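# Structure assessment
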Amino acid sequence: MRWFDVFKFGCCLILIGMFCLPTETAHGAQAESTTTEQSETRPDSEPNAKTEPAPEPTTESEPKTKPESKPEPKPAAQPDTRHISLRPYRVRIELAFASDCRLTDFDRRQIFTRLPQIIERSAGEKWDLTALKPSDNTAGIFENAWLTLPTSAGLNRLSAAQILQQYPTQSFDKLFLLTVESAGIGYQIAGREFDVDSQQLGPLVEQTTYARPFLAETSFQILRDLFSAVVTIEAVEGDQAIISEQGSQYLTPDPAIGTLRKRDFFVPFFRYLNRDREVKDIQMIPWTYLILEEVDRKHARCSISSGLRGILSSSRRRVEMQAIRVVPRFPETELALVPRGTSTQSYAGMRVQISPLNPQEVRQLQIAAQKESEETGKKVSFEKEYITEELLTNREGTITVKADPSDPLIWLYVRSGKALVANVPYIPGIAPQTAIQVPDDRIRLGVEGELAVLNGELIEEVASLSMQMSRIRSWAKKNDWKKVDGGIRELESGISPRQIFQDKLTVIRVTATEAAQEQRNRAAESRIATLCREAETRINRFLDPTGIIDFKAEIKDLRDLQELDRPKRRN
């Protein structure tokens, strides 16, 4: 290589170095300035920045100078505006495993893997296990971690308030809580259902299996037994109601899941809403049942059986009327009679008559019996035709009513003496214990006692008047007119007996009526008026003043006859 070529090559290297060195220096300065600006500038001022600087460490002696940013409010969940028949059940299932259940991690994973497959194969689209958004209370299948005692005993002690405390907001419609524990050589699975719309916690259902690979199938059988359909009451026509079941438009592969059948029973409840359409209160309607009569895919017709008058017929603003299906799961129910108000009286010795007939049907039998009695002239008893069983309350005021699967609905006629104080429908077996509030009957019983005493005094007075009239007649027949005149004057002297008894009756009626009005006991007030009316009728009948007037006319006729007979005897 010639020296001239070497010289040119060296010059090229020098020129390249002169151009590259300022460029690298500029890039380095720009990067340094950018880093400095980002460290001095807060991230909130550059929302488009992709990287955030690491927070500076703080000590207890250095207070924070940067104000804490307020969390952004979560957007409110949009209500589902679809018809209830098009809304599937959002289901959340939680399984809790006892410490002695002898299940490995593989066994537990098998349950969580197979159970959703069984639900999809049997319930189809009617049960939705898909989470709407990631949260702690969404639909799906999870392992429970908050049950204090993950056994059937702990599940039985659970209350609806504890569930609401655990889930103040719900992104699901049904919550199924299942527990798995050892039972000898097998496994016992227990479960309970919590319905969000009614906020009711269902009864405990238990089942035992001895095959570990079929734990998922057994769990699904319990879910199927626990499931209670929810319907919306869309219209009420007299004693008929038009309902629509949630998710009824989704046909299930297994017809036994969520399918309504004739003679299904529902308990209605009210959901009170505020102006923002948020639920502020839920009220279960007691002693009222809907009985399914006609089933359709979208709508169904039910008959209403209630011990309350017109409870579902009136329209209410911002009130949703729904009902939940109930099934008798207990062999019997302990029924307690509780007085209304603040009274601590124990209703011991009260008769509770059980009948399959409602009051309208009983009234028809009563009218037929009265008509037959008038035609034959004999008293006809019709109670045997509608009373299937009669029970007497014990000292605590309770009775035990057995459940009948063939005819679940019965009518209870509660009687205090001869008075009917309550008549309500009931399905024994849906709860182990329940109570029925009956009016305080002490006022009526007190009135009956006072009227019995007054009736005894009335009998004595009538007997005394009859004896006095009989003596006057005997004196008149003996022509002892001085004694006759004295007896009549004694009979007419003083206050009228009828006025005396009417004054006593007025005191009894006014005192008892005021006591009933203070308790707002209209039933007792009505019975008091009826009893006093009957007593007044007896007083007017037996102490009528016209009786004394007729008696005086009779004595006068006897005297006139005797005066006419005197001349004839002299001749």
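See the structure printed just above.
Bear in mind that the values here come from a model prediction, so they are computed numbers and not experimental data.

Criteria and thresholds
Residues numbered from 1 in each chain as written. Predicted model: local features only at pLDDT ≥ 70, side-chain atom pairs only at ≥ 80, totals over all residues. Heavy atoms only, no water. Axes fitted to C-alpha atoms, helices over the stretch in contact; angles between N-to-C directions. Helix = DSSP H or I, 4+ residues; strand = E, 2+ residues; numbered from the N terminus. Parallel < 35°, antiparallel > 145°, perpendicular 65-115°, else oblique. Contact = heavy atoms within 4.5 Å. Nonpolar A, V, L, I, M, F, W, Y, C, P; charged D, E, K, R; others polar. Salt bridge = Lys/Arg side-chain N within 4 Å of Asp/Glu carboxyl O. Buried < 20%, exposed > 50% of the residue type's maximum accessible area, 1.4 Å probe, protein only. Phe/Tyr/Trp six-rings, centres within 6.5 Å; stacked < 30°, edge-to-face > 60°. Lys NZ or Arg CZ within 6 Å of the ring centre and 35° of its normal. Pairing = 2+ DSSP bridges. Core = buried A, V, L, I, M, F, W, Y, C linked by side-chain atoms within 4.5 Å.

### A few points about the packing of helix α9 (residues 497-518) against helix α10 (residues 522-542)
Working note: a packed helix pair is described by the angle between its axes plus the distance between those axes. Packing of α9 against α10 brings their axes to within 10 Å, and their N-to-C directions diverge by 175 degrees. Put simply, α9 runs roughly antiparallel to α10. Here Arg498, Phe501, Gln502, Leu505, Arg509, Ala512, Thr513, Ala516 and Gln517 of α9 lie close against α10, whose contacting residues are Ala524, Glu525, Ile528, Cys532, Ala535, Glu536, Ile539 and Asn540. For the contact of α9 with α10, the per-class residue count stands at nine nonpolar, four polar and four charged.

### As for the pattern of salt bridges
Following the criterion strictly, the structure yields 15 salt bridges and no others. Linking glutamate 143 and arginine 108 is a salt bridge whose minimum nitrogen-to-oxygen distance equals 3.5 Å. Here glutamate 143, found in strand β3 (residues 140-143), pairs with arginine 108, found in helix α2 (residues 105-122); they are 35 residues apart in sequence, far enough to count as distant. In this structure arginine 108 comes out as partly exposed when scored by relative accessible area, which is 22%. Close ionic contact of lysine 174 with glutamate 193 constitutes a salt bridge, the shortest N to O distance being 3.1 Å. Here lysine 174, found in strand β4 (residues 174-183), pairs with glutamate 193, found in strand β5 (residues 186-195); they are 19 residues apart in sequence, far enough to count as distant. Assessed through its relative accessible area of 4%, glutamate 193 is described here as buried. One continuous salt-bridge network, built from bridges that share partners, spans Lys174, Glu193 and Asp195.

### Thoughts on the packing of aromatic side chains
Per the stated rule, a full pass over the model turns up ten aromatic pairs. Looking at lysine 504, its charged tip hangs above the ring of phenylalanine 501, at a distance of 5.5 Å from the centre.

### Side note on the sheet that holds strand β21 (residues 433-438)
Read from one edge to the other, the open sheet built from three strands follows the order β18-β15-β21, with strand pairing classed as mixed. Edge positions in the sheet fall to β18 (398-402) and β21, since each of these pairs with one other strand and no more. Each adjacent strand pair in this sheet contributes to an overall mean axis angle of 30 degrees, direction not counted.

### Let's talk about the nonpolar core
Counting residues in hydrophobic clusters, the biggest one holds 49 residues, and the most contacted among them are Ile93, Ile119, Trp127, Ile243 and Leu290. The element best represented in this core is helix α5 (residues 215-226), accounting for six residues. The residues touching isoleucine 243, leaving out its near neighbours within four places in the chain, are Val231, Thr232, Ile233, Phe266, Leu290, Leu292, Lys298, His299, Ala300 and Cys302.

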